[in-house]
Amino acid sequence: MKLAADYVVTNPVDVATRSLRAISKETDLSPATFSRMSAALGYDSYEDLREVLRRSFEQKADSFSQRVEVMQQRHDEGDQGFLTQHIMDSTSNLQQLEAAIDMPTMEACVERLHDARSVLVLGALGSTGVAEYLTYMASFIAENWSMASRMGASLGSGLVGLSEQDVLIIITKPPFASNSIKAARVASEDGAFVVVITDTHTCPALAFASASFIVPTKSRNFFSSYASTLVLCEIMIGLLAGRAGAPVRARITEVENNIRRLNEVWGE
């Protein structure tokens, strides 16, 4: 139990985000040991201990209202440098993104996306628009991509039938949408390949991820920056398009022809 407690103190992020099975395998300690340790510390269960750690991480993060208050204080004090600082922060995020992307992981994801029977994309709250953009880009090169819970559709119905042949891409950042975390768990339990895109190692969905990308989102704005997230999505789709070969060229030609026939683009 002392070894288990030492691990929790040293690795609170892993305990908060990874499954007990994974922790048990890494430490070579039985799940029962962690349960007994939690009880000895006064918790009803190991899950209760994990929940306390999760909440502690979430409470450390500034709320939107706190961050906008800081912005307003800077403005009142005469600081007019937000434009320059935001551009500098976004540039720094993009520079860090290159180092943050693990290319073997990216290549493995692209391969799974290419071979997948279906690809489901989920983004809620602030991540909804990015999920929509990712799905829109993919629609030009593949017919098996769709966006989960779009326009009020049932998330549960979208997850029906997922298996090891399918991929679920989840985009989520603090404050995490509950449905995104729950969808990651359900898809993982059903055997799907789950890709999680987030900006912190404390994201609960990482416990269910087959592959993950942690993107830098530093910003003085009251909202975290999505610039590097958008670029990551564009990289993923670009690599997928390059991997797909002649069928993609034929599909895009057909899409463009239909756009002209429908007069969807001005001047076409």
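Presented here is a report on the structure given in the accompanying data block. (Residues numbered from 1 in each chain as written. Predicted model: local features only at pLDDT ≥ 70, side-chain atom pairs only at ≥ 80, totals over all residues. Heavy atoms only, no water.)

### Observations concerning helix H3 (residues 20-27)
Turning to H3, its buried residues are Leu-20, Ile-23, Ser-24 and Thr-27. Projected down its long axis, H3 shows its buried positions confined to an angular sector of 100°, all on one face. What points out from H3, more than 90 degrees from its buried face, is the exposed set Arg-21 and Lys-25. Of the residues trailing H3, Asp-28 is marked for its positive phi of about 60°. (Buried < 20%, exposed > 50% of the residue type's maximum accessible area, 1.4 Å probe, protein only. Helix = DSSP H or I, 4+ residues; strand = E, 2+ residues; numbered from the N terminus. Arc of directions from axis to C-beta.)

### Some details on the pattern of salt bridges
Inspection of the entire model under this criterion finds eight salt bridges. Between Glu-26 and Arg-18 there is a salt bridge, and its shortest N-O distance comes to 2.4 Å. When its relative accessible area of 44% is taken as the criterion, Glu-26 is described as partly exposed. Classification of Arg-18 by relative accessible area gives partly exposed; the value is 25%. Between Glu-132 and Arg-150 there is a salt bridge; the shortest N-O distance is 2.8 Å. Here Glu-132 is found in helix H9 (residues 128-139), whereas its partner Arg-150 is found in the loop between strand S2 (145-147) and helix H10 (155-159), with 18 residues between them in sequence. (Salt bridge = Lys/Arg side-chain N within 4 Å of Asp/Glu carboxyl O.)

### A few points about the side chain of Asp-89
By secondary structure assignment, the location of Asp-89 is in helix H7 (residues 82-100). An unpaired buried charge is present at Asp-89: no salt bridge exists, and Lys-218, the closest side chain of opposite charge, is 4.1 Å distant. Among all residues touching Asp-89, those that are not within four sequence positions of it are Lys-218, Ser-219 and Arg-220. (Lys, Arg positive; Asp, Glu negative; His and termini not counted. Contact = heavy atoms within 4.5 Å.)

### What about helix H8 (residues 103-115)?
In this model, H8 (13 residues) spans 18 Å end to end at C-alpha, consistent with the 18 Å of a helix rising 1.5 Å per residue. When we look at burial in H8, the residues that qualify are Met-106, Cys-109, Val-110 and Leu-113. Considered in projection along H8, the buried side chains sweep an arc of 100° and stay on one side of the axis. Those residues of H8 that are exposed and aimed more than 90 degrees away from the buried face are Pro-104 and Asp-115. (Expected span 1.5 Å × (residues − 1).)

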